[in-house]
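# Report on the structure
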Amino acid sequence: MYEQKLKELLSAWEETYKKGQLTFWIFLALQEGEKYVDEIKEFVETKSMGVITCEEQSLYRALRKYEHIGVLTYEQRKGNKGPERKYYYFTDLGQELFALFVQRNIQLFYSEEIRNLLKFQTNEANNA
Amino acid sequence: MKPITHSLIKFAIAAIVSATLFRYFLTYGIEIKSGSVIGISASIYAILMFLSGWNFGKEDKEYLPVYDVGFRFHFTTYLIHNVVSELWFVLGFNSKYENIAAIHTVAIIWGLFLLVHFIVFLRTRKNAINNLHKEDLFD
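Residues numbered from 1 in each chain as written. Chains lettered and ligands numbered in written order. Predicted model: local features only at pLDDT ≥ 70, side-chain atom pairs only at ≥ 80, totals over all residues.

### Some details on the overall build of chain B
The helix and strand inventory of chain B stands at four helices and two strands. When its helices and strands are written in sequence order, chain B yields α-α-α-α-β-β. With respect to the three principal axes, the spread of C-alpha positions in chain B is 55 × 25 × 25 Å. Split into buried and exposed, the 139 residues of chain B put 18% on the buried side. Contacts spanning at least 24 positions in sequence make up 76% of the contacts within chain B whose residues lie at least 6 apart. (Helix = DSSP H or I, 4+ residues; strand = E, 2+ residues; numbered from the N terminus. Buried ≥ 20, exposed ≤ 12 C-beta atoms within 10 Å, placed from the backbone. Contact = placed C-beta atoms within 7 Å.)

Following this line, the structure appears as structure tokens:
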């Protein structure tokens, strides 16, 4: 009963939490270097340890939007094998946007106080 | 912004075909003085336009969610309907019982509604960046 409720609550929280996460993971993938869609998908799913999954269609749609607002652009060229692919990368605007976002929303998790609190939570979860 | 998308072009083609068919049956209905032919053709035209707008509008949004409160599709419909109607008279396809003044009246009244739609469209600009709604930008 308790376990079931915990699982349901975690799932509900994660559903809400994941909204808005795809952009972050796509940008993180491109921070590593320019990539085409399959590479971005693989990066997101692998590096998030399967927590964030994305359909190819959603990825294409998201990339079209980022390109439209000028934060990403692409270069079309042939990969090592196979057809021509769109290799996406940041524009200056996108690079600055991502840097500001990380500075305001991610770096705060690296403060001593927050890290200690998170360490405590991790230990709790491991003991449970 | 790319206001003319593939879906809008497909919608425009569907609108040209529908408007031309409507004009043909409307003229025929007026010529034979049949209220039912006129009524049925107008209803079918309205249904066809609604379904085309629904289908291509959905496709357009899936490609890129341009936030224009339907204005591009409305404007295209207005333009095509009125140009087809005007051409119908210019080319002499109209019935002898038809008067071009009716076409102009429709264009003016509909134009006023279009103007209101345009004002609404302009007012929604503050919620958009590069014509995409701010809430739709980041997933």
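### Topic: unusual backbone geometry
At Met49(A), a position not held by glycine, the phi torsion is positive, near 55°. With respect to the helices and strands, the residue Met49(A) is situated in the loop between helix 3 (37-47) and helix 4 (56-68). By the C-beta count within 10 Å, which is 7 here, Met49(A) ends up exposed. The phi dihedral of Asn131(B) falls on the positive side, at around 70°, and the residue is not glycine. Residue placement: Asn131(B) occurs in the loop between strand 1 (128-129) and strand 2 (132-133). Note on Asn131(B): 18 C-beta atoms within 10 Å, which makes it partly exposed.

### Brief notes about the interface of chain A and chain B
Buried accessible area, meaning the area lost when the parts come together, often serves as the stated size of an interface. In this complex, chain A contributes ten residues to the contact, which on the side of chain B involves seven residues. Contributing elements (two or more residues each) for the side of chain A that touches chain B: helix 2 (21-32) and helix 4 of chain A. Here the side of chain A that touches chain B takes five residues from helix 4 of chain A, the largest share from any one element. Of the residues contributing to the side of chain A that touches chain B, the split by class is three nonpolar, five polar and two charged. (Nonpolar A, V, L, I, M, F, W, Y, C, P; charged D, E, K, R; others polar.)

### Regarding the packing of helix 1 (residues 6-31) of chain B against helix 2 (residues 35-63) of chain B
Residues and elements named next belong to chain B. Contact geometry for helix 1 and helix 2: axes closest at 9 Å, N-to-C directions at 180°. By the angle between their axes, helix 1 is roughly antiparallel relative to helix 2. Grouping the constituent residues of the contact of helix 1 with helix 2 by class yields 16 nonpolar, six polar and three charged. (Axes fitted to C-alpha atoms, helices over the stretch in contact; angles between N-to-C directions. Parallel < 35°, antiparallel > 145°, perpendicular 65-115°, else oblique.)

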